[in-house]
Amino acid sequence: MLLSCFAAALVFGQLSFPFAFDPSDFKTCPQVGFCRRGRALAKRATESSQWVSPYSVRPESVVLSPPNASLSAQVFSSLYPGIRFELQVDVLEHGIARVRLDEVNGMRRRYHQAASWALVAEPTLMAPGVVWRFEESGIRALYDDVELEISYAPLTVKLIRAGREELVLNGRGLLHLEHFRTKTAAPSTALSEYQAVLHGNTESNGWFEGGEADGYWEETFKAWTDSKPKGPESFFIDIDFPHHSHVYGIPQHATSLSLRETTGGNQYFSEPFRLYNNDIGGYDADSPMSLYGSIPLMHGHSTESTVGVFNLVASETWVDIFHPVLNKSTATHWISESGIMDIFLLPGPTPDLVFTQYASLTGTAPLPAYFALGYHQSRWNYISSQDVRDVSRRFDAENMPMDVVWLDIQYSQGQKYFIWDNQSFPDPVEMADELAAAGRKVVAIIDPHLKTSNDYPIFSEAQDKGFLVKDAEGEIFVGQCWPGSSAWLDFFNPQCQNWWRGIFSLNSTADGWRWAESTDNTFIWNDMNEPSVFNGPELTMPKDSVHYGGWEHRDVHNIYGMLFHKATASALVHRTGTMKRPFVLSRSFYAGSQRFGAIWTGDNLGTWEHMAAGIRMILSDGIAGMTFSGSDVGGFFGNPDPEMLVRWYQVGAFSPFFRAHAHIDTKRREPYLSAEPYRSMLRDILKLRYSLLPVWYNAFREASVSGIPVLRPQYVVFPKDSHGFEIDDQFYIGGSGLLVKPVTLPHVESAEVYLADDQVYYDYFDHQVHQGAMGGRYVTVSAPLAKVPLLYRGGSIVPTRLRPRLSSSLMKKDPFTLTVALDKTGSTASGELYLDDGETYTFEQGELVWRKFIAYPSKDGQASLIVQNHNLASHTSARDIVGGAKFQFYDGKNAYAREIDSVYVEQIIILGLKEEPKRDLEIDYRGGSYGMNNVLSSSLTIKNLGVRVVDDWQILVQW
Ligand code: NOJ
């Protein structure tokens, strides 16, 4: 029996550090039948100058449907004249083109429900429709500034802008949907027919599908045999970006943000990128291997435009990438095991528009509960309720902010989730209440496997109701996980999701088991949901297991984890009479998971290499919508030395999700345990995170509306600056103007930070000026261990709260400081501040405050500056504020605004004034030195202001 790394750790009670995973537990492309077939087809195509795709459209079958934004047509393959396919092309809102291809009246139906889970709603067709132009060789849709060209023979689909091909489907003729067939109807084995076909003989198929039925009907990997009862059903498609030098996305992989070649002249990896959710603890820090989540979304980017492609498939998928012309074009080849072809072409043409287009399909990450942006303290395991109380107290004693204490699997009795181990946790409700009184929360782990024990009510109920995944023989699938013998909940069954919600209900009297020993301050961690099965192939569920609706696990594998996440998040929203924002962390994810909560990068190593890899992974997650992401601070495996721990906290403090976590065999490393001077450094980093919570909340609000990620990589912020296209070790926080480059190497005293524009930047801590340059340049920013390289971009106004307290909820009425980082002219800047109750959904009814701060020169000349606070909410529509027209008009005196009407701006710090201002009696003035070239910026601090956040005001600074 194969044990996972965790089981091995438990069973053998030891682990050597650094922990290394065994790559042979996971398949490579040559070990996977359909991947071999896909790559072989590409090879045959590349080797033949006469290669032609056998797929074509029957022109007479083309039908346009009202409102003129949809087309359907029959497609056939010259290899299999008896098999029919249907092409459906929809032009959607935002100019997105959806291209679907499915077999018609085949022996079976291909899996076609991925869209119903991933998409936020049925996409809306573009109204009032598009102009279709029929031509001899095909049909062309004209809309916005693009054309969608569908060629009949061979079938190709191209997105064209200003005469430039932006995206091309099947341009290289690799499209293939293997039709369902019987075992006896194996294809001809005559490879020699290849030549004959190219010369007009379309009778045979060997040249196309290959010479043998490679891995069609059964496949074996190590000790496991996949029975493959449906036979071959994979599909392949080439998706090319003829004018895009860089591609990004398709998380989750631990590698560079800009994806490197897997085939071709500059091949970096020999394997394709794989999308197949796996439990790979201690993964390789630079690899195309699949990890815990899979999002089949890719950006193509160049200085001219950005486009996206979303290949909505849930089965195992491999993606080859190469550049036909280096620094100019990118070719990709997607090889999927099963399902219909359902591809969305996102026209961009800017990164921000691609984000919004993708968000229109799969939704955005909703505004999280405010506490979730604070610091999370976890380890495997806090062993008792006393331990939890101690941790909380020690944070208090050391004056360290912290919002959440996490409980790993040992809180539960024999890993029967929901059932507290009453020896160690005799008083879970009192424990949670005590934390709540200190403004803190508890997060408890709940995994999707259930101990197969009749004294476990959750398992018994799930079994009685038929909510468990079945094996290929129709029996309940039983495998090994933490509790030993386990069964897995089947969230594809809507009834199972409803029942799951009921378990969390804190006030329902309906039948069924309820988690009574919980509170509305207890939040949830959904782990192991790839799903992880210790004795399964590749540590997961056999592909021939069967889900609700009769679908094989192979069809839905990458969605499984998301449905668990979804069900839990929805359970938390509705567990009391008042809807509250949930917090659920999931390890596994898929397209759309952003709607349900946060994720993290799984079981990393406590090494510098993994610290750096985590940043790249978080950036890549954000590209694909999964913006609420973080990595285990300190590394899951290993015992980081003090220097590494400090740097890791700096990385964590600048990740959307900030949690320290560690393996059960590691030494305790809570920040209060560090010796001086490290302890003070850690305290300062925690305080820095809490000071910047308003910036994080602003960024999350914007992401919740626009889909633009909270952490923005260089190419997203400066899409026309090609020097930044491969930079993935620095990033911007939302639209705040804060630029961060965490240090991820030992013994470093400074960092080289790339500035893309001719703008002035100011060091966050000492206000040193760094001057950017047109065309970009690197500047040296001091970075001794206690300091993370963090810059204000000139032109920004950044709100902070400089009185960090022991938890985020204790800061809700604290005053603000505004830092006005003037742009290079020394006269303008802007920023914003969004606030609401941080807990409920009343913001959707307009209970919020959204302010805009601007600084500009006053009209009467150079010698003065006005800093102004005005109400952004009343000038904007509800759609812009909360992402949907949910309230009619904004009332500046709403209940929340009244609640915080005593909250004021206590000081304004102005950076970059070109001249020394006049002293003014009303202004408590502290100057810096003046000058703009690598010296400290001028800095004017206006203290004791007492102007209210909710009021409109302006302040005049004169000199
Ligand atoms: C695996 C998770 O990745 C890890 O974070 C957790 O501590 C263990 N499971 C135990 O629950």
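**Considering the overall build of the protein**
Next, step 1: On a plain count of helices and strands, the protein comes out with 18 helices and 51 strands.
Next, step 2: At 29 Å, the protein has a C-alpha radius of gyration in line with the 30 Å of a compact globule built from 959 residues.
Next, step 3: Taken along the three principal axes of its C-alpha coordinates, the protein extends 95 × 70 × 55 Å.
Next, step 4: Within the protein, the proportion of its 959 residues that are buried is 65%.
Next, step 5: Residue pairs in contact within the protein that sit at least 24 positions apart in sequence constitute 71% of those at least 6 positions apart.
Next, step 6: Carbon and sulfur atoms provide 50% of the accessible area of the protein, an area that totals close to 32,100 Å².
Next, step 7: Averaged over its 83 positive side-chain charges, the protein has a centre that lies 3 Å from the centre of its 111 negative ones.

**Observations regarding the pairing of strand β17 (residues 297–301)**
Next, step 1: Burial analysis of β17 places five of its five residues in the buried class, the great majority of the element.
Next, step 2: Residues L297, H299 and H301 point to one face of β17 and M298 and G300 to the other, with burial holding for every one of them.
Next, step 3: Bridging between β17 and strand β18 (residues 306–311) involves five bridges; their strand directions are antiparallel. Within the sheet, the bridge partner assigned to H299 lies in β18 and is G308.

**Things to note about the packing of helix α10 (residues 494–504) against helix α11 (residues 553–573)**
Next, step 1: Where α10 contacts α11, the axes come no closer than 8 Å and their chain directions differ by 45°. If you check the angle between α10 and α11, you find them oblique. Handedness of the α10/α11 crossing: right-handed. Judged by residue contacts, Q497, W500, R501 and F504 of α10 engage L563, F564, K566, A567, T568, S570, A571 and L572 from α11.
Next, step 2: Class assignment for the residues of the contact of α10 with α11 results in seven nonpolar, three polar and two charged.

**With respect to empty space enclosed by the protein**
Next, step 1: Following the criterion strictly, the structure yields nine cavities of 30 Å³ or more and no others.
Next, step 2: The computed volume of the largest cavity comes to approximately 100 Å³.
Next, step 3: Forming the boundary of the largest cavity are 14 residues, of which W380, D408, D527, D603 and F636 lie nearest the centre.
Next, step 4: Of the residues in the lining of the largest cavity, the class split is eight nonpolar, one polar and five charged.

**Here's the deal with the site of the ligand**
Next, step 1: Surveying the vicinity of the ligand reveals 14 residues, the closest of which are D408, D527, R587, D603 and H661.
Next, step 2: At 2.9 Å from an oxygen atom of the ligand is found a side-chain nitrogen or oxygen belonging to R587.
Next, step 3: Separating an oxygen atom of the ligand from a side-chain N or O atom of H661 is a distance of 2.9 Å.
Next, step 4: Coverage of the ligand by the protein amounts to 100% of the 300 Å² it exposes when considered alone.
Next, step 5: Put simply, the ligand lies in the largest cavity.

**Details of the pattern of salt bridges**
Next, step 1: Counted under the stated rule, the structure contains 60 salt bridges.
Next, step 2: Among the ionic pairs, E147 bridges to R140, the shortest N-O distance being 2.6 Å.
Next, step 3: For E147, a relative accessible area of 24% corresponds to the partly exposed category.
Next, step 4: Judged by relative accessible area, R140 falls into the buried class, the value being 15%.
Next, step 5: A salt bridge links R805 to D814; the shortest N-O distance between them is 2.6 Å.
Next, step 6: Note on R805: relative accessible area 33%, which makes it partly exposed.
Next, step 7: Assessed through its relative accessible area of 6%, D814 is described here as buried.
Next, step 8: Overlapping salt bridges bring together K27, D226, K230, E233, R274, E316, E337, E538, K543, E552, R554 and D555 as one network.

**Topic: the domain arrangement of the protein**
Next, step 1: Under the domain assignment used here, the protein contains domain 1 (48–170 + 204–236 + 296–314 + 335–362) and domain 2 (812–959).
Next, step 2: Using C-alpha coordinates to define each centre, domain 1 is positioned 48 Å away from domain 2.

**As for the state of the cysteines**
Next, step 1: Applying the stated criterion to the full structure yields one disulfide.
Next, step 2: Disulfide pairing is shown between C29 and C35; the S-S distance is 2.2 Å. One quick way to see it: the torsion about the S-S bond of C29 and C35 is about -105°, and its sign makes the bridge left-handed. Here C29 and C35 have matching classes, each one buried.
Next, step 3: In this structure C496 is a free cysteine whose sulfur lies 17 Å from that of C481, the closest cysteine sulfur available.

**A short note on the pairing of strand β21 (residues 341–346)**
Next, step 1: Most of β21 is tucked away: six of the six residues are buried.
Next, step 2: What you see with β21 is no split at all: M341, I343 and L345 on one side and D342, F344 and L346 on the other are buried throughout.
Next, step 3: Relative to β21, strand β5 (residues 97–104) runs antiparallel, the two being bridged by five bridges. In the sheet register, L101 faces β21, and the bridge partner there is M341.
Next, step 4: Two strands pair when backbone bridges link them, and β18 and β21 are joined in this way by four bridges, in the antiparallel orientation. Note on β21: the bridge partner recorded for V309 is L345.

**Some details on helix α12 (residues 608–623)**
Next, step 1: Between its first and last C-alpha atoms α12 spans 24 Å; for 16 residues at 1.5 Å apiece the expected length is 22 Å, and the two agree.
Next, step 2: A large share of α12 lies buried, amounting to 15 of its 16 residues.

**So, the sheet that holds strand β27 (residues 449–451)**
Next, step 1: Judged by pairing direction, the sheet is antiparallel, and its three strands sit side by side in the order β27-β29-β28 without closing on themselves. Pairing within the sheet leaves two strands with one partner each, and these edge strands are β27 and β28 (478–481). Sheet twist, expressed as the mean angle between neighbouring strand axes with direction ignored, is 55°.
Next, step 2: Examined bridge by bridge, β27 and strand β29 (residues 484–488) share three bridges and lie antiparallel to one another. Each residue of the ladder has a partner; that of H449, found in β29, is W488.

**Quick look at the nonpolar core**
Next, step 1: Within the largest apolar cluster, 208 residues are counted, with the highest numbers of intra-cluster contacts made by W500, F583, F654 and I910.
Next, step 2: In terms of residue count, α11 provides more of this core than any other element does, 11 residues in total.
Next, step 3: A domain-level breakdown of this core finds at least three residues from each of domain 1 (48–170 + 204–236 + 296–314 + 335–362) and domain 2 (812–959).
Next, step 4: Residue contacts for W500: discarding those within four places in its chain leaves F418, I446, L489, F491, F564, A567, T568 and A571.
Next, step 5: Formed by 68 residues, the second largest nonpolar core is a distinct cluster that contains V57, A69, V146 and L169.

**Side note on the layout of surface pockets**
Over the atoms rolls a probe the size of a water molecule, and in doing so it shows where empty space is left.
Next, step 1: Here the largest pocket is characterised by a volume of approximately 1,200 Å³.
Next, step 2: Considering the residues around the largest pocket, the lining is formed by 45 residues, among which V120, G363, T364, S704 and K886 are closest to the centre.
Next, step 3: Within the residue set of the lining of the largest pocket, elements represented by two or more residues are α6 (351–362), α11, α15 (693–706) and α17 (878–882).
Next, step 4: When the residues that make up the lining of the largest pocket are grouped by side-chain class, the tally is 23 nonpolar, 13 polar and nine charged.
Next, step 5: Each of domain 1 (48–170 + 204–236 + 296–314 + 335–362) and domain 2 (812–959) accounts for three or more of the residues forming the lining of the largest pocket.
Next, step 6: Of the pockets and cavities examined, the second largest pocket occupies roughly 470 Å³.

**Here we look at the sheet that holds strand β36 (residues 731–733)**
Next, step 1: Read from one edge to the other, the open sheet built from six strands follows the order β35-β36-β37-β42-β39-β40, with strand pairing classed as antiparallel. Where the open sheet ends on each side, the last strands, each with one partner, are β35 (711–713) and β40 (769–771). For this sheet, the mean inter-axis angle between neighbouring strands, taken without regard to orientation, is 35°.
Next, step 2: For strand β37 (residues 738–740) and strand β42 (residues 790–793), the ladder comprises three bridges, and the chain directions are antiparallel.

**A look at the packing of aromatic side chains**
Given two aromatic rings, one states the distance between the centres and the angle between the planes to describe the pair.
Next, step 1: Applying the stated criterion to the full structure yields 53 aromatic pairs.
Next, step 2: Between F21 and F26, the ring centres sit 6.4 Å apart and the planes meet at 50°, which makes this aromatic pair tilted.
Next, step 3: Seen in terms of ring centroids, W420 and F425 are 5.6 Å apart; in terms of plane orientation they differ by 45°. Their pairing is tilted.
Next, step 4: Here a set of aromatic residues connected by ring pairs shows up, and it is made of Y411, F418, W420, F425, F467, F491, W499, W500, F504, W513, W515 and F564.
Next, step 5: Positioned above the aromatic ring of W600, the side-chain terminus of R659 is 5.0 Å from the ring centre.

About the thresholds
Residues numbered from 1 in each chain as written. Predicted model: local features only at pLDDT ≥ 70, side-chain atom pairs only at ≥ 80, totals over all residues. Heavy atoms only, no water. Helix = DSSP H or I, 4+ residues; strand = E, 2+ residues; numbered from the N terminus. Rg over C-alpha atoms; globule rule 2.2 N^0.38 Å. Buried < 20%, exposed > 50% of the residue type's maximum accessible area, 1.4 Å probe, protein only. Contact = heavy atoms within 4.5 Å. Areas by Shrake-Rupley, 256 points an atom, 1.4 Å probe, with all protein chains shown as cover. Lys, Arg positive; Asp, Glu negative; His and termini not counted. Charge placed at Lys NZ, Arg CZ, Asp CG, Glu CD. Pairing = 2+ DSSP bridges. Axes fitted to C-alpha atoms, helices over the stretch in contact; angles between N-to-C directions. Parallel < 35°, antiparallel > 145°, perpendicular 65-115°, else oblique. Left-handed = near helix turned anticlockwise from the far one by under 90°. Nonpolar A, V, L, I, M, F, W, Y, C, P; charged D, E, K, R; others polar. 1 Å grid on protein atoms, 1.4 Å probe; cavity = no way out; pocket = protein on both sides within 12 Å on 5 of 7 lines; lining within 4 Å. Points joined across faces, edges and corners; volume = space filled by probe spheres on them. Near = heavy atom within 4 Å. Polar contact = N/O pair within 3.5 Å; in protein donor to acceptor, adjacent residues only side chain to side chain. Sits in = over half its atoms within 2 Å of the grid points. Salt bridge = Lys/Arg side-chain N within 4 Å of Asp/Glu carboxyl O. Domains from an automatic or database assignment. Disulfide = S-S within 2.5 Å. Expected span 1.5 Å × (residues − 1). Core = buried A, V, L, I, M, F, W, Y, C linked by side-chain atoms within 4.5 Å. Phe/Tyr/Trp six-rings, centres within 6.5 Å; stacked < 30°, edge-to-face > 60°. Lys NZ or Arg CZ within 6 Å of the ring centre and 35° of its normal.

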